[in-house]
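# Chains, contacts and geometry: an overview
What follows is the residue order along each chain.
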Amino acid sequence: MRKKCFDNIDTRILKALQRNGRLKNNELASEINLSNSACLHRVNQLEESGVIDRYVALLDPKKINCNLIIYAQGSFFEEDLELKERFIFEVKLIPQILECHFMAGSYDFLLKLCVSDLEEFNYIKTTYLNSRLGIKTLKSEVTLKTVKSTTELPL
């Protein structure tokens, strides 16, 4: 079970802001039944402590020609720290790669990509995700339908 790190007010603030990061302080204060100044103080503390990392706009992928979500799992040829650092550097430069995770298990890394079509994915795969970065194998899975997608973390 997850250890609770926040009191009830902080939890309510965080849940509300995860649902709508554009809430004005007076709207947020009203929603959680707190004075404006107390609410602002709490939000500032959550921001300063790094619990609230940043505020973003979430875009509709289909409206910006991001028609496919692809997960790619791969393995490296060997444990070469220099190649892994280069891999990390390169992956950060490819805007279609939304997430990159080093994994424990049967493969070394997992990528989440958002592309317009399979042709774009193939271009990224053959141009960037190849042996030049020490990648030995790369297996990909195309998402047919997203049943749940959220940015809200459980509190």
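In what follows, the structure referred to is the one given above.
Residues numbered from 1 in each chain as written. Predicted model: local features only at pLDDT ≥ 70, side-chain atom pairs only at ≥ 80, totals over all residues. Heavy atoms only, no water.

On to helix α1 (residues 8–19), then. Here α1 contains twelve residues, and its C-alpha end-to-end distance of 17 Å stays within 8% of the 16 Å for a straight helix at 1.5 Å per residue. Of the residues that open α1, the one with a side-chain oxygen 3.2 Å from the backbone nitrogen of Ile 9 is Asp 7. (Helix = DSSP H or I, 4+ residues; strand = E, 2+ residues; numbered from the N terminus. Expected span 1.5 Å × (residues − 1). Polar contact = N/O pair within 3.5 Å; in protein donor to acceptor, adjacent residues only side chain to side chain.)

Between α1 and helix α3 (residues 36–48), the shortest axis-to-axis distance is 11 Å and the interhelical angle comes to 80°. In this view, α1 runs roughly perpendicular relative to α3, as classed from their interaxial angle. Between α1 and α3, the residues in contact are Ile 9, Asp 10, Ile 13, Leu 14 and Leu 17 and Arg 42, Val 43 and Leu 46, respectively. (Axes fitted to C-alpha atoms, helices over the stretch in contact; angles between N-to-C directions. Parallel < 35°, antiparallel > 145°, perpendicular 65-115°, else oblique. Contact = heavy atoms within 4.5 Å.)

Turning our attention to the sheet that holds strand β2 (residues 97–102). The strand order β2-β3-β1-β4 describes an open sheet built from four strands, whose pairing is antiparallel. The open sheet has two edge strands, β2 and β4 (135–142), and neither has a second partner. Within the sheet, the average angular offset between the axes of one strand and its neighbour, ignoring direction, is 20°. Relative to strand β3 (residues 109–115), β2 runs antiparallel, the two being bridged by five bridges. Each bridged residue has a counterpart across the sheet, and for Cys 100 the counterpart in β3 is Leu 111. Of the strands in this sheet, β1 (68–76), β2, β3 and β4 touch helix α4 (residues 81–93), which is tilted by about 160° from β2. Each of β1, β3 and β4 is contacted by helix α5 (residues 118–127), which is oriented at about 140° to β3, the strand it contacts most. (Pairing = 2+ DSSP bridges.)

Inspection of the entire model under this criterion finds one disulfide. Not part of a disulfide, Cys 100 finds its nearest cysteine sulfur in Cys 114, a span of 16 Å. With relative accessibility at 33%, the residue Cys 100 sits in the partly exposed group. (Disulfide = S-S within 2.5 Å. Buried < 20%, exposed > 50% of the residue type's maximum accessible area, 1.4 Å probe, protein only.)

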